[in-house]
Amino acid sequence: MNKGGEIRTVLTENWVYFTTKIRNGEIDIISIIPNYKQTWTYFSELIGKGTFSVDDIKLINAIHRFTFELTEAARYIHYEGEDPEVISRLFMLAMLIYKLLDNITDQRFSDGMLRLEIFGKKIIIFPDGFDLTYNELCEECLEKLKQGQEDFL
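What this report covers is the structure whose coordinates are included nearby. Keep in mind it's a predicted model, so treat the numbers as computed, not measured. (Residues numbered from 1 in each chain as written. Predicted model: local features only at pLDDT ≥ 70, side-chain atom pairs only at ≥ 80, totals over all residues. Heavy atoms only, no water.)

## Focus: the packing of helix α2 (residues 29–49) against helix α4 (residues 84–103)
Contact geometry for α2 and α4: axes closest at 11 Å, N-to-C directions at 10 degrees. In this view, α2 runs roughly parallel relative to α4, as classed from their interaxial angle. Contact residues: α2 offers Ile29, Ile32, Ile33, Tyr36, Thr39 and Trp40, while α4 offers Arg89, Leu90, Leu93, Leu96, Ile97 and Leu100. In terms of residue class, the contact of α2 with α4 is built from 10 nonpolar, one polar and one charged. (Axes fitted to C-alpha atoms, helices over the stretch in contact; angles between N-to-C directions. Helix = DSSP H or I, 4+ residues; strand = E, 2+ residues; numbered from the N terminus. Parallel < 35°, antiparallel > 145°, perpendicular 65-115°, else oblique. Contact = heavy atoms within 4.5 Å. Nonpolar A, V, L, I, M, F, W, Y, C, P; charged D, E, K, R; others polar.)

Below, the structure is given as structure tokens:
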């Protein structure tokens, strides 16, 4: 197996593992974020080389399943009246994963920049700036939840 195939396999297995954890009621965002960044790097390099293959669809499917479960968990926690900070962190991670998937069809993504529009703002981030941007978006999401603006959930 080539190096790209090995990386893809590991990333796919990780997303499947995290999906299983969420289904079991265990959510550990701290562990998920490094896998997200590795997936981001994997896809931006793949687009840059033009080597996207049918096998990458398995990875995309695993990410979709995970993101669906994560979004559903955030909604469930929200409607159960749980901590809005937890909800904002879960929801924003799901949104950023969806935005990653949106970006992989853009040839410009080969530069490693994630381009997104969220809360009416256009944002461009690199993996190195993810943590800061993620925390800022979580704060903004939390404020919206506290103000009763839940139309994005």
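We are not done yet, so read on.
## What to know about the side chain of Glu69
Locating Glu69 in the fold gives a position in helix α3 (residues 56–79). Side-chain polar atoms of Glu69 contact the side chain of Arg23, separated by 3.1 Å. (Polar contact = N/O pair within 3.5 Å; in protein donor to acceptor, adjacent residues only side chain to side chain.)

## Topic: the nonpolar core
In terms of nonpolar packing, the biggest core is built from 45 residues, with Trp15, Tyr36, Phe43, Leu93, Phe130 and Tyr134 touching the most fellow members. Every element with two or more residues in this core is listed here: α1 (3–23), α2, α3, α4, β1 (114–118), β2 (121–125) and α5 (130–146). It is α4 that provides the largest number of residues to this core, a total of 10 residues. With sequence-adjacent residues up to four places away left out, Phe43 is seen in contact with Phe52, Asp56, Leu59, Ile60, Ile63, Ile104 and Phe109. (Core = buried A, V, L, I, M, F, W, Y, C linked by side-chain atoms within 4.5 Å. Buried < 20%, exposed > 50% of the residue type's maximum accessible area, 1.4 Å probe, protein only.)

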